[in-house]
Every structure is written in structure tokens, then in C-alpha cells.
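Reading the structure
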Protein chains: 4
Amino acid sequence: MKQGETYIRVRYSETDKMGVVYHGNYLNWLGVGRTEYLRELGMPYSEMERNGILLVVTRVSCRYRRPAYYDDLVKVVTKIAAIQDVRIVFRYEIYRGEELLTVAETEHAFVNEQGRPVVLKKTNPFLWKRLQEAWEQVPD
Amino acid sequence: MKQGETYIRVRYSETDKMGVVYHGNYLNWLGVGRTEYLRELGMPYSEMERNGILLVVTRVSCRYRRPAYYDDLVKVVTKIAAIQDVRIVFRYEIYRGEELLTVAETEHAFVNEQGRPVVLKKTNPFLWKRLQEAWEQVPD
Amino acid sequence: MKQGETYIRVRYSETDKMGVVYHGNYLNWLGVGRTEYLRELGMPYSEMERNGILLVVTRVSCRYRRPAYYDDLVKVVTKIAAIQDVRIVFRYEIYRGEELLTVAETEHAFVNEQGRPVVLKKTNPFLWKRLQEAWEQVPD
Amino acid sequence: MKQGETYIRVRYSETDKMGVVYHGNYLNWLGVGRTEYLRELGMPYSEMERNGILLVVTRVSCRYRRPAYYDDLVKVVTKIAAIQDVRIVFRYEIYRGEELLTVAETEHAFVNEQGRPVVLKKTNPFLWKRLQEAWEQVPD
């Protein structure tokens, strides 16, 4: 389980007057990719939140190579690019068929409900181990 | 094929600070329901647009009975409530499991790319027939 | 202070591939109109929330007469259409210059942080009085 | 006119269940900052589009230092970080009062309505000159 894959049908509401998906809406899709990937790793993010571990976004970067259009079926591939004590980086590729549309990264801090950083290894060794393993299996 | 059904996983980006789905975002889901329903009826909306027939929204109404939450899997049921020469009304029910969350209606005018009303029966008899049949099969 | 007026510059992100404002995004503007109107009435909604009184949306209806375009400056006029023990209805008109684009209504329940209905007259007589007065001054 | 400044009131619809502005919505604000900056430089983006010059986003990066909350009044400061034949980079800082919340960059290609790159210096020397001047006045 080195990477997650999820499919998204482009919504009309996601387009803009250029006739393509508005660039900001890709960030919503990264969230969908992350949600499904964490679920596959055995720890749904909704459950993480209920357990008091939040993933606060600290950085986003996104490169747009080709546009996506209304009703396209796009695939979001999600991997772990880096994981440290209080921080994790996800990497994403968005495809339409074989065609790479977008490459992105999001960096997150692990925090508790008061917004304080938490050392995941201590707070939730199970989740830490799953994320570590997933990260180690990511091909270069 | 009297009604369409499609499933949507609630996105984090769709929630608001009340902890539930922001009420405006249900309208995006109605669009998803409509898109999938028209596809099942044999006329994808993306194709309709390419053929120069647009569905412009003229009225929306929505009743919110219970909130939806992040990561819920909701079902959008879409029907045709009325169809006339230049106008169509869709009716929607949104469920989480057996629980009815939202009831909505959208009214649309059939227009061409210049925004002029088109009489669907003349412009696209095939689509008109499919929509008529779907409408007639809607139970009261 | 019988009605509120607020101006909104249409954002690129609010348009869709038809080249106009996506119909769902008007609901965000109704929220802006409501926020500014309540502020003018002396009770910012952010403060109401901090005081434990929430306005949960129970119904929305919206009629779209003419489209709004990117970079338009639109005016949202907000009034109170009805107010009862645990319920309030706002009415909105959205203009571009003198031209009426949209007419809408939202109905809300007054609830506490546990989602239980609250009788505003008892819980917050000051706010109740202001809303009552504003409502009575709305012309027919 | 080395930089643009514009104020935005945070909308309820822009928050998420963490109680803060959803990170993806900052990209909409960058668009607002860009729109107002180009207007101040004498070339509204709506006019650029009508003249057949589009700014297609090719890259976005965003660092989130502190969250923004519902009803905050935030200031978007927009500058030109780089400009080349067919490409421009904008840099943004988002503040609440004196407090820096977010730093971002967007890179755009100048393209025509067919999506082909255009050399701005040739296609629109006036706009090119204004952007050049604005860029040269940006302090390091």
C-alpha cells in the first residue's frame, strides 16, 4: 500500500469562465486524495480528528500542466513524500487517463485540538507506524 | 429509468465552522445528481452543451432537515418533476443511509448558446422524448 | 435601519464555464448580506455565535432573473421578512446598478451550540428587540 | 504604484470544520488581489480578457503561518515578483492588522483565446510597460 488512488468526476461548479477547472479547486481534490489514502492505510481522517489529531496545512504547492474539463474523470494519486516527528508531506499527481494534469505537494503539522504540535510517534504509535511504512515504500 | 441515484463522499472543503456541510454546497451536489441522471438517460449534459443546448438555472429551493458531516456518504436521488416546452424542473432528495437530509428543486430553461429559449421538442426530439418518458414514470 | 445594503465585487472563482456566476455562489453572497445587516443592527453574527446563538439555515429559495458576470459590482439588499419565537426569514435582492438580478429568501432557526432551538425573546431580549424593530420597518 | 492593497471580509462559506478559513479558499483571495492590482495599474483583467489576453495559472505556492477566522478583515498585498516575455509571477502577503497570515506566489503564462502563448511586449506594449514599471519598483 505505497500509494492511494481515487477517482473524481469533475463538477460543473468547479469550472470557471475560462471553461476549465478553476485552479483553486484542485486543492479540494488533494483533500479527497488524502482522505481516501488515509482510509486505505487503516486510519480514516475523520477518526483521527475524533481522536484529537489534526493535520493542519502549512504549505501547498501546485503545478498545472494541462487543464481539466467539466465531466472529466480524473485520478488523484497520493503518496507520502516525507514524514518527521511533527510534520508530514504528501505528494499528488492528477491524471486524466494517462495524461498528467497536475503535480502538487501539501505539508501538514500534526496538532491537537488546541492547535499545539503533537509528536505522532508518542501520541499514536499505530498511525505513526502505518505512515512510516507507507512512506518507505514510495519509489523514488 | 424513472430516477437517478448517485453517491457523494462529503469533502472537508464542503464543511463550515458549524462542523457541518455549508448549506450552499448542497447546490453543487444537485448539479452532480443532475449530471449523472442525464447521463443515465442517454444524454450527458456535456454532450448537450456541445450540441448547443444549455440548462440555465432559473429557480432553486432547498429544505434542510438534518445536517451532513465530513466523510458522510450521501445519496442524491434525482427525478423530473415537470417538463414543458422550454422549461424543466428537477426534484432531489439527499439521504445518508435511510435518513432524509435535504429536499430540493431546481428549475431550468432550455436555451441556446446565445441565451435564447429553445423549444426542445423541435431542437432535439430524441432528448425531449427521453425526458418525457422519464417524467411520466415518476411516481406521485 | 429597515434594510441593509452591501456591495460585492464578483470574483473570478465565482464564475463557471457558462461565463456567468455559478448559481450556487449566490448563497455565499446572501451570507455576506446577512452578516453586514446584523452588524448594522448592532449584533455582529460572529458575536452572536460567541454568545451561543446560532442561525441554522432551514430553507433557501432563489430566483435568478439575470446573470452576474466577473468583475461586476453587485449590491445585496437584505431585509427581515418574518420573525417568530424560534425562527427568522431574511429576504434579499441582488442588483447590478438598477437592474434586479436575483431575489432570494433564507429561513433560519435560532439554536444553541447543542443544536437545540432557543426562544430568542428570552435568551437575548436585546437582539430580539432590534430584529423586531427592523422587521416592523420593512415596507410591504 | 509598486504594489496593490485590497481588503477582504472573511465569509462564513470560506470556513471549514476546523473553525478557520479553509486553506484552498486563500487562492480565491489571491485572485481578488490580482484583479484589484491590475485595475490600479490601469488595465482591469476583465478588459485584458476582452482584448484576448488571458493569464493562465501555471504554478501556485502558499505558506500558511496563522489561520484567518470568520468575519476577520484581511488585507491582500500584491506585487510583481518577476516578468518575462510570456510569463509573470505575482507575490502576495495576507495580513490581519499587522499580523502576517500567509505568503503566496502565482505564476501565469500570457496566452490568447486559443491557449497559445503570446509575447506581451508585442501584443500589448502598453500593458507590458505598465507591468515592467510596477515590477521595477518592487523593493527587494
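To be clear, the structure that these remarks concern was listed above.
Below is a short write-up of the structure. (Residues numbered from 1 in each chain as written. Chains lettered and ligands numbered in written order. Predicted model: local features only at pLDDT ≥ 70, side-chain atom pairs only at ≥ 80, totals over all residues.)

**Thoughts on the overall build of chain A**
A tally of regular secondary structure across chain A gives four helices and five strands. Secondary structure elements in chain A, listed N-terminal to C-terminal, are β-α-α-β-β-β-β-α-α. On C-alpha atoms alone, chain A measures out to a radius of gyration of 16 Å, which is about the 14 Å that the 2.2 N^0.38 rule sets for 140 residues. Taken along the three principal axes of its C-alpha coordinates, chain A extends 45 × 30 × 20 Å. Buried residues in chain A amount to 39% of all 140 residues. Long-range contacts, defined as pairs at least 24 residues apart, comprise 68% of the intrachain contacts of chain A with a sequence gap of at least 6. (Helix = DSSP H or I, 4+ residues; strand = E, 2+ residues; numbered from the N terminus. Rg over C-alpha atoms; globule rule 2.2 N^0.38 Å. Buried ≥ 20, exposed ≤ 12 C-beta atoms within 10 Å, placed from the backbone. Contact = placed C-beta atoms within 7 Å.)

**Some details on the interface of chain A and chain D**
If you look at the interface, chain A gives 14 residues, while chain D gives 14 residues. For the side of chain A that touches chain D, the secondary-structure elements that each account for two or more residues are helix H1 (26-40) and strand S2 (54-64) of chain A. Broken down by element, the side of chain A that touches chain D gets its largest block of residues, nine residues, from S2 of chain A.

**Considering the interface of chain A and chain B**
With eleven residues of chain A at the interface, the matching set in chain B holds eleven residues. With four residues, the single largest contributor to the side of chain A that touches chain B is H1 of chain A. Of the residues belonging to the side of chain A that touches chain B, the class tally is four nonpolar, five polar and two charged. (Nonpolar A, V, L, I, M, F, W, Y, C, P; charged D, E, K, R; others polar.)

**Description of the pairing of S2 of chain A**
Judged from the ten bridges that link them, S2 of chain A and strand S5 (residues 99-111) of chain A form a sheet pairing that is antiparallel. Residue Cys62 of chain A lies in a different strand from S5 of chain A, and its bridge partner there is Ala104 of chain A. Across five bridges, the pairing between S2 of chain A and strand S2 (residues 54-64) of chain D is antiparallel. Looking at S2 of chain D, one finds that Arg63 of chain A is bridged to Arg59 of chain D. (Pairing = 2+ DSSP bridges.)

**Thoughts on the sheet that holds strand S5 (residues 99-111) of chain D**
In spatial order, the strands read S1(A)-S3(A)-S4(A)-S5(A)-S2(A)-S2(D)-S5(D)-S4(D)-S3(D)-S1(D); together these ten strands make up an open sheet with antiparallel pairing. Among the strands making up the open sheet, the edge pair consists of strand S1 (4-9) of chain A together with strand S1 (4-9) of chain D. Across this sheet, the average inter-strand angle for adjacent strands is 25°, counted without regard to direction. In the packing of H1 of chain A onto the sheet, contacts are made with S1, S2, strand S3 (73-84), strand S4 (87-96) and S5 of chain A, and the angle to S1 of chain A comes to roughly 135°. Those strands touched by helix H4 (residues 125-136) of chain A are S3 and S4 of chain A, and its axis lies near 110° from that of S3 of chain A. (Axes fitted to C-alpha atoms, helices over the stretch in contact; angles between N-to-C directions.)

**Observations regarding the relation of the copies chain A and chain D**
You can overlay chain A on chain D at an RMSD of 0.0 Å; the transform is a turn of 180° with a shift of 0.0 Å along its axis. Those values place the two copies in the arrangement expected of a two-fold rotation axis. Using C-alpha coordinates, one finds that chain A approaches the rotation axis most closely at Ser61 of chain A, a distance of 2.1 Å. Looking at the interface residues of chain A, 100% of them are also at the interface in chain D, so both copies use one shared face. (Least-squares fit on C-alpha atoms with pLDDT ≥ 70 in both.)

**A closer look at helix H1 (residues 26-40) of chain C**
Residues and elements named next belong to chain C. Taking 1.5 Å per residue, 15 residues should reach 21 Å; H1 reaches 21 Å between its end C-alpha atoms and fits that length. With eleven of 15 residues buried, H1 is to be regarded as a mostly interior element. Residues of H1 that are buried: Tyr26, Leu27, Trp29, Leu30, Gly31, Gly33, Arg34, Thr35, Glu36, Tyr37 and Leu38. Looking one or two residues beyond H1, the residue adopting positive phi is Gly42, at roughly 95°. (Expected span 1.5 Å × (residues − 1).)

**Some thoughts on the relation of the copies chain A and chain B**
Mapping chain A onto chain B calls for a rotation angle of 180° and an axial translation of 0.0 Å; the resulting RMSD is 0.0 Å. Mapped onto chain B, 100% of the interface residues of chain A are again interface residues, and the two copies thus contact each other with one and the same surface.

Geometric descriptors of this kind do not, in isolation, establish any biological role.
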